[in-house]
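Overview (structure and organization)
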Amino acid sequence: MEKLQESMYKLIVETSTNLPNDVRRAIVAAKAKENAGTRAALSLKTITDNISMADENISPICQDTGMPTFEVKVPVGINQIEMKKAIYAAIEQATADGKLRPNSVDSLTGKNSGNNLGGGTPVIHFEQWEKEVIDVRLILKGGGCENKNVQYSLPQELEGLGRAGRDLDGIRKCIMHSVYQAQGQGCSAGFIGVGIGGDRTTSYSLAKEQLFRTVDDVNENEDLRKLEEYVLDNANKLGIGTMGFGGEATLLGCKIGAMNRLPASFFVSVAYNCWAYRRLGVVLDQQSGDIVDWLYKDDETVDLEQASKEVAVAEATDEVREVVLEAPITEEQIRELKVGDVVVINGMMHTGRDAIHHHLMEHDAPIDLNGQIIYHCGPVMMKDDEENWHVKAAGPTTSIREEPYQGDIMKKFGIRAVIGKGGMGPKTLKALGEHGGVYLNAIGGAAQYYADCIKEVKGVDLMEFGIPEAMWHLEVEGFAAIVTMDSHGNSLHADVDKTSLEKLEQFKERVF
Ligand code: SF4
């Protein structure tokens, strides 16, 4: 039991901190595709720097360590209850050690269990097999990309593509549409798993199962192989790009599975995974619980460093305007900013996500927010022996969830800038114009990169919402983000959505 727990702990820590090589190769290949000096190329440089920092620090690649999902194959006779206990204990330990963020929230009370255990957390699926070893595979899939999963029920009318019927071509249209609807919000460039058939539940399960295939494997079904290749080639013509900033690399992998369906139902489900595609596995000795082999690992050292230098050369030739800001920020400073500017922040910023935004609608803020910066972020935090807090991972979370509140809160408290990822909608854009505010897009998933910019945790309020949802007061230095929505009515997100929809329309004609 003790050995088994230790092996599960190693699997969790490796999965959270060390991306598998097939994913690294896909990211490096994406980088090679991007035009030097573009926003997409600079984002990919931040991503590869972040991967290296997570390697070095043995810290979470992204602060959202997702829903731990274990797929376990056991020989006949293995005690699954004991295995579950070992996994639970390892999850609790990894959370206490800052390798996983406390992510299990009571859906009715909003209370975070604090240890990643609770109803439905973690997810563990067992299956028996006739081999003599135990096979455990783990995926950590974050909420930002989970929210971009989508299920179609055919026949269905699709924006930009017309009717998707109950055949291979209808399936093609659904998958192309799924990439369009995700835009950059699931931290593109991403990977998709697709499930065809089943009922609503098993169709989604099949889609997620596809994410356990390696990026470079080849589908044994000839029709699905062709469809996978078609989607990968053509989704990258939509121009959504990394983080939705526009560019050549939108999708890095597409894996499709099919199962039988009921005569009356025809579901196509898509599981979207961000670039931080954390999945690993181990083979265990069934007697001792020791790791005898790692899955999804090989001996190659993928050269992320080399690729970063290539982009760094291009950076010098780029004509991006850089503006340094420190709160309190004036309306005049904000009105000078335009979409495309890079803002470098020094000084204070304050985290705020779902619970804080909901709270601030009805209550006063715990500090004076006039001229301040709100960061949409749910960090991984650890206390040292002297009870001081330290940031372990702190990338941006998906901003669109705050769309119903953001504009009102900015006006109510005088907030001048919000930082997040994926952009916001027309209500916030209007408020930015009326009030004099700006939206800054940080690089989703770059949790180590941004944690490095945080020099001190100055305090915390509203801890009753749990670590990810509390309001953390952070002192930063050199925290860079891109203006993607300004106070003059411009939104890069709206522009990319419009142009990618136009491009999607080119795929309306029957192909299969
Ligand atoms: S990279 Fe983005 S989508 Fe993925 S887990 Fe992190 S924040 Fe969520």
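Every chain is numbered independently, its residues counted from 1 as its sequence is written. Note on the predicted model: pLDDT of at least 70 is required for a residue's local features to be given, and 80 or more for side-chain atom pairs to be given and counted; whole-chain, interface and lining totals, by contrast, use all residues. Side-chain descriptors were evaluated using all non-hydrogen atoms of the structure, hydrogens and water having been removed beforehand.

1. Brief notes about unusual backbone geometry
Cis geometry marks the peptide bond from Thr 121 to Pro 122; its omega dihedral reads -5 degrees. Helix and strand labels come from DSSP, where a helix needs a run of H or I of at least four residues and a strand needs a run of E of at least two; each type is numbered from the N terminus. Mapped onto the elements of the fold, Pro 122 is located in the loop between helix H4 (80–96) and strand E2 (123–129). In this structure, Pro 328 follows Ala 327 across a cis peptide bond, with omega equal to 5 degrees. Structurally, the position occupied by Pro 328 is in the loop between strand E12 (322–326) and helix H10 (331–335). Phi is positive for Asn 116, which is not a glycine, with a value near 70 degrees.

2. Focus: the sheet that holds strand E9 (residues 267–273)
A pair of strands is considered paired only if DSSP assigns at least 2 bridges between the two. Reading across the sheet, the four strands line up as E4-E9-E7-E8 and stay open at both edges, with mixed pairing between neighbours. Of all strands in the sheet, those bounded by a partner on one side alone are strand E4 (150–153) and strand E8 (251–261). Geometrically, the sheet is characterised by an average inter-axis angle of 15 degrees between neighbouring strands, direction not taken into account. Pairing of strand E7 (residues 190–198) with E9 involves six bridges; the strand directions are antiparallel. Across the sheet, Ile 196 pairs through a bridge with Val 268, a residue of E9. Every angle, taken between N-to-C directions, lies between 0 and 180 degrees, and every axis is a line fitted to C-alpha atoms, over only the stretch in contact when it is a helix.

3. Here we look at the pairing of strand E18 (residues 438–441)
Any residue under 20% of the maximum accessible area for its type is buried, any over 50% is exposed, and the rest in between are partly exposed; the area is computed with a 1.4 Å probe on protein chains only. Where burial is concerned, the two faces of E18 agree: the one with Val 438 and Leu 440 and the one with Tyr 439 and Asn 441 are both buried. One ladder, built from four bridges, connects strand E17 (residues 417–420) with E18; its direction is parallel. Along E18, the bridge assignment pairs Ile 419 with Leu 440. By convention, orient the strands away from the viewer: a clockwise path from the first strand over the helix to the second makes the crossover right-handed. With respect to chirality, the unit in which E17 leads through helix H13 (residues 426–435) into the neighbouring parallel E18 is right-handed. In terms of strand pairing, E18 meets strand E20 (residues 471–485) through three bridges, oriented antiparallel.

4. Structural notes on the confidence of the model for the chain
Counting all residues, the mean pLDDT for the chain is 95, and 97% of those residues have values of 70 or more. Per-residue confidence from the predictor is reported as pLDDT, a score between 0 and 100. Two residues form a contact once any of their heavy atoms are found within 4.5 Å. Overall, residues 313–317 carries pLDDT values under 50, and its contacts beyond four positions in sequence, including any with other chains, amount to four contacts.

5. A word on the site of the ligand
Surveying the vicinity of the ligand reveals 13 residues, the closest of which are Cys 62, Cys 145, Cys 187, Cys 274 and Arg 278. For this scheme, ten residues count as nonpolar: Ala, Val, Leu, Ile, Met, Phe, Trp, Tyr, Cys and Pro. Four count as charged, namely Asp, Glu, Lys and Arg, and the remainder, Gly too, count as polar. A class-by-class count of the residues in the shell around the ligand yields six nonpolar, four polar and three charged. When at least one non-hydrogen atom of a residue lies within 4 Å of a molecule or strand, that residue is treated as near it.

6. With respect to the sheet that holds strand E11 (residues 291–295)
If you walk across this open sheet you meet the five strands as E2-E1-E3-E10-E11, and the pairing is mixed. Each edge of the sheet is formed by a strand with only one pairing partner; in this case those strands are E2 and E11. Taking each pair of neighbouring strands and ignoring which way they run, the sheet shows an average axis angle of 20 degrees. Both strand E1 (residues 67–75) and strand E3 (residues 133–141) contribute to a ladder of seven bridges, which runs antiparallel. Opposite Met 67, over in E3, you have Lys 141 as the bridge partner.

7. Some remarks on the packing of aromatic side chains
Think of a pair of aromatic rings as described by two things: how far the centres are apart, and how the planes are tilted against each other in angle. Centres within 6.5 Å make a pair out of two Phe, Tyr or Trp rings, where for Trp the six-membered ring is used; the pair is then stacked when the planes are under 30 degrees apart, edge-to-face when over 60, and tilted otherwise. For the structure shown, the criterion picks out six aromatic pairs. Judged by centre distance (5.2 Å) and plane angle (90 degrees), the ring pair of Tyr 449 and Tyr 450 falls under edge-to-face. We classify Tyr 450 as buried; its relative accessible area is 1%. An aromatic cluster is present here, built from Tyr 375, Tyr 449, Tyr 450 and Phe 479 joined pairwise through their rings. Stacked on the ring of Tyr 277, the Lys or Arg Arg 279 has its end atom at 4.5 Å from the ring centre. In this scheme, the term charge over a ring applies when either NZ of a lysine or CZ of an arginine sits within 6 Å of the ring centre and within 35 degrees of the ring normal.

8. Things to note about helix H3 (residues 39–57)
The end-to-end C-alpha distance of H3, which contains 19 residues, comes to 27 Å, matching closely the 27 Å that a straight helix rising 1.5 Å per residue would cover. The element H3 is largely enclosed, with a buried count of 15 among its 19 residues. Of the residues flanking the end of H3, it is Ile 58, one or two places downstream, whose phi is positive at about 45 degrees. Multiplying 1.5 Å by the helix residue count minus one yields the expected span of that helix.

9. Thoughts on the packing of helix H2 (residues 21–33) against H3
As a packed pair, H2 and H3 sit with axes 10 Å apart at the nearest point and diverge in direction by 150 degrees. Of the possible angle classes, the one that applies to H2 and H3 is roughly antiparallel. Seen along the crossing, H2 lies across H3 with a hand that is left-handed. Mapping the contact onto sequence places Arg 24, Ile 27, Ala 30 and Lys 31 in H2 and Leu 44, Lys 45, Ile 47, Thr 48, Ile 51 and Asp 55 in H3. Across the contact of H2 with H3, the residue classes break down as five nonpolar, one polar and four charged. Our angle categories are set so that under 35 degrees counts as roughly parallel, over 145 as roughly antiparallel, 65 to 115 as roughly perpendicular, and the remainder as oblique. With the far helix as reference, a near helix turned anticlockwise by less than a right angle produces a left-handed crossing, and one turned clockwise produces a right-handed crossing.

10. Here we look at H2
Relative to the 18 Å expected for 13 residues at 1.5 Å per residue, H2 spans 19 Å between its end C-alpha atoms, a close match to the ideal helical length. Among the residues of H2, Asn 21, Asp 22, Val 23, Arg 24, Ala 26, Ile 27, Ala 30 and Lys 31 are the ones counted as buried.

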